[in-house]
Amino acid sequence: MSDKLTLTAEERKLDGTSFNRNLRRSGSIPGVVYGGKDKPKKISILEKDMVKATEIQGFSTQILQISLSGKNVDVVVKEIQRHPSSSRVIHADFMRVDADSKITLTVPIRTVNEDNCIGIKVSGGQVNHLINDIEISCLASNLPEALEIDVQEMDIGSSVLLSEINLPEGVEITALIQGEERDQAVISVTETKEMFIEEEIEEEAIEGEEVEDGEIIEGEEAT
């Protein structure tokens, strides 16, 4: 994994709707760091830094560092709250982790070699993403940014189940831990569906748009 992304934070002593609203107006967002042996800490992070971080691929599924009071703490994102209309980040929750921590996190499903998929190139089909992300359990040191599925050899009628995904070492899919009956298709290749829209033929002319010879259009006088 590449160098960890670091977010600089400040500890905040106050809380509450009014304080948090003023904090956002000043260009920062409130957050919380919790988990591990230490007590939860209320923090604030510059909004511009948070926006830049969330634009990085895999931001929510990798180990980050929070720099707080000169000390770096390894964390993962547990929840990002956004404003319902503007989508601005308004709050962030981070959970402390270490290399030996076993964590549960949702990661995206990512396909590779989709452009070279037999079902597309040869058979003219399409790849269907039936599940976009999946919950996994693993040590923090083994956390993958995504689960990859190679679709190059897949043809029409082929599918990949949760149980058929090649998992990194030490990674488990929590649904399968609960029982084999939770197994389900993640990716499938099917024929491309074409939709034909039949044009409706009007038997009668629409008033004001089509007129027969000699017919007077409503609202006009014959000359």
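Whatever comes next refers back to the structure up there.
A brief structural summary. (Residues numbered from 1 in each chain as written. Predicted model: local features only at pLDDT ≥ 70, side-chain atom pairs only at ≥ 80, totals over all residues. Heavy atoms only, no water.)

### A short note on the environment of Lys48
This is how it is decided: A run of H or I in DSSP counts as a helix once it spans at least four residues, and a run of E counts as a strand once it spans at least two, with each numbered from the N terminus.
With respect to the element layout, Lys48 can be found in helix H2 (residues 47–54). Put simply, Lys48 and Ile29 are 19 residues apart on the chain and 9.5 Å apart in space, counted from C-alpha to C-alpha.

### What to know about the sheet that holds strand S7 (residues 102–112)
This is how the line gets drawn: Any two strands with at least two DSSP-identified bridges between them are counted as paired.
Strand order in this open sheet of four strands is S10-S7-S9-S12, and the pairing throughout is mixed. With partners counted over all chains shown, the strands left at the sheet margins are strand S10 (147–150) and strand S12 (172–173), one partner each. For strand S9 (residues 133–139) and S12, the ladder comprises two bridges, and the chain directions are antiparallel. Each residue of the ladder has a partner; that of Ser137, found in S12, is Glu172.

### Considering the sheet that holds strand S11 (residues 159–161)
Heads up, the rule is: The axes are straight lines fitted to the C-alpha atoms, using for helices just the contacting stretch, and the angles between their N-to-C directions are given from 0 to 180°.
Pairing is antiparallel across the open sheet formed by three strands, whose spatial order is S8-S13-S11. Among the strands making up the open sheet, the edge pair consists of strand S8 (125–129) and S11. Shown here is a sheet whose adjacent strand axes are inclined to one another by a mean of 15°, direction ignored. Both S8 and strand S13 (residues 185–191) contribute to a ladder of five bridges, which runs antiparallel. Bridge pairing links Val127 to Val189 in S13.

### A look at unusual backbone geometry
To keep things clear, this is the line we draw: With a 1.4 Å probe rolled over the protein chains alone, any residue whose accessible area is under 20% of its type maximum counts as buried; one over 50% counts as exposed, and the rest are partly exposed.
In the Ramachandran plot, Ser69 falls in the positive-phi region, its phi being about 55° despite a non-glycine side chain. Along the chain, Ser69 falls in the loop between strand S4 (64–68) and strand S5 (71–82). Judged by its relative accessible area of 68%, Ser69 falls in the exposed class. One non-glycine residue, Asn113, adopts positive backbone phi at about 60°.

### Overview of the layout of surface pockets
To keep it simple, the criterion reads: Cavities and pockets are found on a 1 Å grid laid over the protein atoms alone: a cavity is a set of points where a 1.4 Å probe fits but cannot escape, a pocket is an open set with protein on both sides within 12 Å along at least five of seven lines, and a lining residue has an atom within 4 Å of such a point. Grid points are joined across faces, edges and corners, and a volume is the space filled by probe spheres set on the points. Think of it as three bins: nonpolar holds Ala, Val, Leu, Ile, Met, Phe, Trp, Tyr, Cys and Pro, charged holds Asp, Glu, Lys and Arg, and polar takes everything else, Gly as well.
One number sums up the size of the largest pocket: a volume of about 190 Å³. Every residue along the wall of the largest pocket is listed here: Val33, Asp38, Lys41, Ile66, Leu68, Ser69, Lys71, Val73 and Arg96. Class assignment for the residues of the lining of the largest pocket results in four nonpolar, one polar and four charged.

### Concerning the pairing of strand S2 (residues 28–34)
It is a general feature of regular strands that their side chains alternate between the two faces of the sheet. Counting buried residues in S2 gives five out of seven residues, a clear majority hidden from the surface. In this antiparallel pair of consecutive strands, S2 and strand S3 (residues 41–46), the connection spans six residues, and Gly35 shows a positive phi of 95°. Bridge analysis of S2 against strand S6 (residues 89–96) gives four bridges, and the strand direction is parallel. Bridge pairing in S6 links Gly31 to Ala92.

### So, the nonpolar core
Using the following cut-off: Nonpolar cores were defined as sets of buried Ala, Val, Leu, Ile, Met, Phe, Trp, Tyr and Cys residues, with membership established by side-chain atoms within 4.5 Å.
Ranked by internal contacts, the top residues of the largest apolar core, which has 29 residues, are Ile136, Leu143 and Ile165. Those elements that place two or more of their residues in this core are S7, S9, S10 and S13. With four residues, the top contributor of residues to this core is S7. Residues Val33, Val75, Val89 and Phe94 belong to the second largest nonpolar core, which totals 17 residues.

### What to know about the pairing of S9
Relative to S9, S7 runs antiparallel, the two being bridged by seven bridges. Each residue of the ladder has a partner; that of Leu105, found in S9, is Ile136.

### What to know about H2
Residues spaced three or four apart along an α-helix point in a common direction, a consequence of the helix completing one turn every 3.6 residues. Using the following cut-off: Comment: arc refers to directions from the helix axis out to C-beta atoms. Whether two residues are in contact is decided by their heavy atoms, any of which lying within 4.5 Å being enough.
Here H2 has its buried residues at Glu47, Met50 and Ala53. Down the axis of H2, the buried set is contained in an arc of 125°. They therefore lie on one face. Projecting away from the buried face of H2 at angles above 90 degrees are the exposed residues Lys48 and Lys52. Contact partners of the buried residues in H2: strand S1 (6–11), S2, S3, S5 and S6.

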